[in-house]
Amino acid sequence: MGKSRYIGYVGTYTKKESKGVYRFELDLDEKKLRNVELAAELDNPTYLTVNQDNSLLYAVSKEGEEGGLTSFRLDQQTGDLHQLNSQASPGSAPCHVSVRSDDKLVVSANYHTKQAEAYLTNEDGSLQPAKPVIHEGSGPHERQEKPHLHYAGFTPDEKYVIVVDLGSDTITTYQPNDGQLEQVSIWNAKPGSGPRHIVFHPNGEYAYVMTELSNEVIVLQYKENGTFEDVQYISTIPEDFTENNQGSAIHISSDGKFVYAGNRGHDSIAIFKVLEDYTVQFVDWTKTEGDWPRDFVLDPTEQFVIASNQNSNTLVLFERNHQDGTLSLLQKDVYTPEPVCVKFLTK
């Protein structure tokens, strides 16, 4: 007997109706999302991540005039979250967080403070104080007056930390050394493109970047020494779409065959097929049936995709075709306040 349900978590903005981190269930038999409920009260936990064995959850958070991360112990049976601790410093909350597979290092990126932060963890998964690195630089776009870090995560071999900076059109590779991030290399995107998020191909040799300002997927070749080389730039929106669009998230199927990219404004997920040379070919757009899809996620079976529409307060469920990558709508208008990102427990 396979598993019949998966528990997911939603990171949110708490500017209007949201109270923090929400939990829901994906029923595989019924092909439905159910039981959206508050899992933990927290201020602006826009992004979160779950560790590999589903025992810990880390969320970005705001505390008064300070921002940082909050750690939780996770009950895998009930999905309940039990707060361990928070670490915060003056300034806005970060916008992205990742945890290394050994649970000993957590990294975050901050859009507002120009900082990437590395946190060593204690035995129970709670966080030690942050060790920050500060970015400098700017770009030609009006929103690139300073660095705006939007992603911090690990290379597939976890040797390096990758930080994506929308404000200075850069991807910086760092080597973590006792929690301190030491710069290894910087890759420069096309000026004004505004790189936002990155995913690696399962083979570890290629990566796919979503840009927020130029609305493109960039294909990069990744070298073992932590450097990148451009391979391809391809648009995520129709040529004749002239309204405001801001690229959002990017994800790849675990078989490495399809890349999915989010469009806020066009309100769609762009689907790309990965070719033999690891470049991508456009397949289709799927409308997200809501306003401003901030992120989306493939469920653990990869039979489904859940999109989170921030401005229309909805989660939307699609069924995914493994053969051609396309998405078909199953369920829309699942009320979830101010949703940003969605993460599943993986077993």
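The structure displayed is predicted, hence computed values, not measured ones.

J.: Looking at this structure, how should I read the pattern of salt bridges?
T.: Any two side chains of opposite charge can pair, so long as their charged atoms come close to each other. Under the definition given, this model contains 15 salt bridges. Notably, a salt bridge pairs Glu 25 with Arg 5, separated by 2.6 Å at the nearest N-O pair. Of this pair, Glu 25 sits in strand β2 (residues 20–27) while Arg 5 sits in strand β1 (residues 5–12), placing them 20 residues apart in sequence. For Glu 25, a relative accessible area of 22% gives the class partly exposed. With relative accessibility at 30%, the residue Arg 5 sits in the partly exposed group. The salt bridge involving Glu 37 is made with Arg 23; its shortest N-O contact spans 2.7 Å. On the criterion of sequence distance, the pair formed by Glu 37 in strand β3 (residues 32–41) and Arg 23 in strand β2 is long-range, its members being 14 residues apart. Shared partners join several salt bridges into a network, and the residues in it are Arg 143, Arg 196, Glu 212 and Arg 264.

J.: Even after reading the chapter, I still don't get the sheet that holds strand β15 (residues 180–188), so can you show me in this structure?
T.: Across a sheet, strands are paired by hydrogen bonds formed along the backbone, either parallel or antiparallel in direction. Spatially, β12-β13-β14-β15 is the arrangement adopted by the four strands of the open sheet, whose pairing is antiparallel. Where the open sheet ends on each side, the last strands, each with one partner, are β12 (149–154) and β15. Pairs of neighbouring strands in the sheet enclose a mean axial angle of 25 degrees, with direction left out of account. Note: strand β14 (residues 170–177) against β15, eight bridges, orientation antiparallel. Bridging from a neighbouring strand, Gln 175 pairs with Glu 182 of β15.

J.: Which parts of the structure should I look at to understand the side chain of Lys 343?
T.: When you line up the elements, Lys 343 lands in strand β28 (residues 339–344). Notably, Lys 343 is buried but unbridged: the nearest opposite-charge side chain belongs to Asp 295, and the N-O separation is 5.5 Å. One polar contact links Lys 343 to Tyr 47, side chain to side chain, over a distance of 3.2 Å. Once you skip the residues sitting within four places of it in the chain, Lys 343 turns out to touch Ile 7, Gly 8, Tyr 9, Tyr 47, Leu 48, Thr 49 and Val 50.

J.: Explain the packing of aromatic side chains to me, please; I cannot follow it from the model alone.
T.: Centre distance and the angle of the planes are the two values used to describe a pair of aromatic rings. The tally for this structure, following the rule as stated, stands at seven aromatic pairs. Ring plane angle 80 degrees and centroid distance 5.3 Å describe the contact between Phe 200 and Tyr 222, whose orientation is recorded as edge-to-face. Note that Phe 200 is positioned in strand β16 (residues 195–200) and Tyr 222 in strand β18 (residues 216–222), a separation of 22 residues in sequence. Exposure class is identical for Phe 200 and Tyr 222. Each is buried. Each ring, one from Tyr 222 and one from Phe 228, has its centre 5.1 Å from the other, and the planes form 45 degrees; the classification is tilted. The same class applies to Tyr 222 as to Phe 228, namely buried.

J.: Can you walk me through the pairing of β18 in this structure?
T.: The two faces of the sheet receive side chains in turn, since in a regular strand these alternate between them. When you tally the buried positions in β18, you get six out of seven residues, the bulk of the element. Inspection of the sheet shows strand β17 (residues 206–211) paired to β18 by five bridges, in the antiparallel sense. Bridge pairing links Val 209 to Ile 218 in β18. The hairpin turn running from β17 into β18, its antiparallel successor, is four residues long, and Asn 215 in that turn takes a positive phi close to 55 degrees.

Quick notes on the rules
- Residues numbered from 1 in each chain as written.
- Predicted model: local features only at pLDDT ≥ 70, side-chain atom pairs only at ≥ 80, totals over all residues.
- Heavy atoms only, no water.
- Salt bridge = Lys/Arg side-chain N within 4 Å of Asp/Glu carboxyl O.
- Helix = DSSP H or I, 4+ residues; strand = E, 2+ residues; numbered from the N terminus.
- Buried < 20%, exposed > 50% of the residue type's maximum accessible area, 1.4 Å probe, protein only.
- Pairing = 2+ DSSP bridges.
- Axes fitted to C-alpha atoms, helices over the stretch in contact; angles between N-to-C directions.
- Lys, Arg positive; Asp, Glu negative; His and termini not counted.
- Polar contact = N/O pair within 3.5 Å; in protein donor to acceptor, adjacent residues only side chain to side chain.
- Contact = heavy atoms within 4.5 Å.
- Phe/Tyr/Trp six-rings, centres within 6.5 Å; stacked < 30°, edge-to-face > 60°.

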